[in-house]
Amino acid sequence: FERTIMKDKQTFVNYMDALYDYICRNWLAYRPYETKAILFCGLVDMCAAMTDYFQQRLPDLRVAQYNAGDDYDTLLDNDLITSTVQKAGTAVDIPNLSRVYNSTSVDSPNQLVQVVGRLRQLKHLPEEQCEYHQFVCLDIPKQMMYKQNRKRLLTPRVLSIREIPLGRLI
């Protein structure tokens, strides 16, 4: 999916713009003090591109990617992190994480539960509601099937589910 998006320059820009606009509206516009967000991508190349894009658009925000070989301090020292589900989706504690944005279409129950499990109640902001957001392409049948599976799996485990439909990118 991401390889296809990255092949066409205008589609790629539209995709990055869509994620940027949503994250700005959902998190940055209301960002509680010192909270963090993570954007999961499928490819390391997409993580690098998203990191560069967000750094350019938000120069006052500390943005970094966390992938193989990167130091754990990357998760501690930055506001917005891009990573793959394989690297930061399991067995990694990210202090002050209030938002998880998943741009990958995942159908593995274990992986989904682990990714959602990155969110924990914030000790310094007990009233803050931590949120998981899943981007979905409505015109890709496989993503729609994964959406239904995800809903069945996560509904008993979370207060609400937010799935963000991506509009036409072309």
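Residues numbered from 1 in each chain as written. Predicted model: local features only at pLDDT ≥ 70, side-chain atom pairs only at ≥ 80, totals over all residues. Heavy atoms only, no water.

**Quick word on the sheet that holds strand β1 (residues 36-41)**
This is how the line gets drawn: Strand pairing is assigned whenever DSSP detects at least two bridges linking the two strands. Counting from the N terminus, the helices are DSSP H or I runs at least four residues long and the strands are E runs at least two residues long. Whenever a helix is involved, its axis is fitted only over the stretch in contact; in every case the axis is a line through C-alpha atoms, and angles between N-to-C directions fall within 0 to 180 degrees. Whether two residues are in contact is decided by their heavy atoms: any pair within 4.5 Å suffices.
The six strands are arranged β2-β3-β1-β4-β5-β6 in an open sheet whose pairing can be described as parallel. Two strands in the sheet have a free side with no partner beyond their single neighbour: β2 (63-66) and β6 (162-166). Between one strand axis and the next, the sheet turns through 20 degrees on average, direction left out of account. Here five bridges tie β1 to strand β3 (residues 80-84), and the two strands are oriented parallel to one another. Bridge assignment links F40 to a residue of β3, and that residue is S83. Sitting on the sheet, helix α3 (residues 44-57) touches β1, β2 and β3, and the angle it makes with β2 is about 170 degrees. Packing of helix α7 (residues 141-154) onto the sheet brings it into contact with β5 (131-137) and β6, and relative to β5 it is tilted by some 155 degrees.

**Observations concerning the nonpolar core**
Quick reminder of the rule: By nonpolar core we mean a set of buried residues, namely Ala, Val, Leu, Ile, Met, Phe, Trp, Tyr and Cys, connected to one another through side-chain atoms within 4.5 Å. Partly exposed describes any residue whose relative accessible area lies between the buried limit of under 20% and the exposed limit of over 50%, with all areas from a 1.4 Å probe on protein chains only and scaled to the type maximum.
Ranked by internal contacts, the top residues of the largest apolar core, which has 29 residues, are L39, M46, M50, F54 and Y101. In terms of residue count, the dominant contributor to this core is helix α2 (residues 9-26) (eight residues). Setting aside chain neighbours within four positions, we find L39 in contact with L19, I23, M50, F54, I81, T82, S83, Y101 and S103. L75, I81, V100 and L153 belong to the second largest nonpolar core, which has 22 residues in total.

**Some thoughts on the packing of α2 against α3**
The cut-off we apply is this: Should an angle fall under 35 degrees it is taken as roughly parallel, and over 145 as roughly antiparallel, whereas 65 to 115 is taken as roughly perpendicular and any remaining angle as oblique. Here a crossing is called left-handed whenever its near helix is offset anticlockwise from the far helix by less than a right angle, and right-handed whenever the offset is clockwise. For this scheme, ten residues count as nonpolar: Ala, Val, Leu, Ile, Met, Phe, Trp, Tyr, Cys and Pro. Four count as charged, namely Asp, Glu, Lys and Arg, and the remainder, Gly too, count as polar.
The geometry of α2 relative to α3 is characterised by a closest axis approach of 11 Å and an angle of 60 degrees between their N-to-C directions. Taken together, the axes of α2 and α3 are oblique relative to one another. Along this stretch, α2 crosses α3, giving a crossing that reads as right-handed. Residues F12, Y15, M16, D17, L19, Y20 and I23 of α2 touch α3, and the partners they reach there are M46, A49, M50, Y53, F54 and R57. Tallied by class, the residues present in the contact of α2 with α3 amount to eleven nonpolar, no polar and two charged.

**Quick look at the packing of helix α6 (residues 109-116) against α7**
At a minimum axis separation of 11 Å, α6 and α7 run at an interaxial angle of 60 degrees. Crossing angle aside, the handedness with which α6 passes α7 is right-handed. Each of P109, L112, V113 and V116 in α6 lies in contact with α7, whose residues at this interface are R150, L153 and L154. Residue composition of the contact of α6 with α7, by class: six nonpolar, no polar and one charged.

**Thoughts on the environment of Q143**
Mapped onto the elements of the fold, Q143 is located in helix α7. With a relative accessible area of 8%, Q143 lands in the buried category. Considered as a pair, Q143 and Q121 are 22 residues apart in the sequence and their alpha carbons are 29 Å apart. Sequence-distant contacts of Q143, that is, excluding residues within four places in its chain, are made with F1, S105, F135, V136 and C137.

**Regarding the side chain of Q134**
Keep this limit in mind: Definition of a polar contact: a pair of N or O atoms within 3.5 Å, with one able to donate and the other able to accept a hydrogen when the atoms are protein atoms, and with sequence-neighbouring residues admitted only if both atoms are side-chain atoms.
Note on placement: Q134 falls in strand β5. By relative accessible area, which is 1% here, Q134 ends up buried. There is a polar contact of 2.6 Å between the side chain of Q134 and the backbone oxygen of T104. Only 2.5 Å separates the side chain of Q134 from the side chain of Y132, close enough to count as a polar contact. With residues up to four places along the chain from it excluded, the contact list for Q134 reads N102, T104, S105, R150, R162, E163 and I164.

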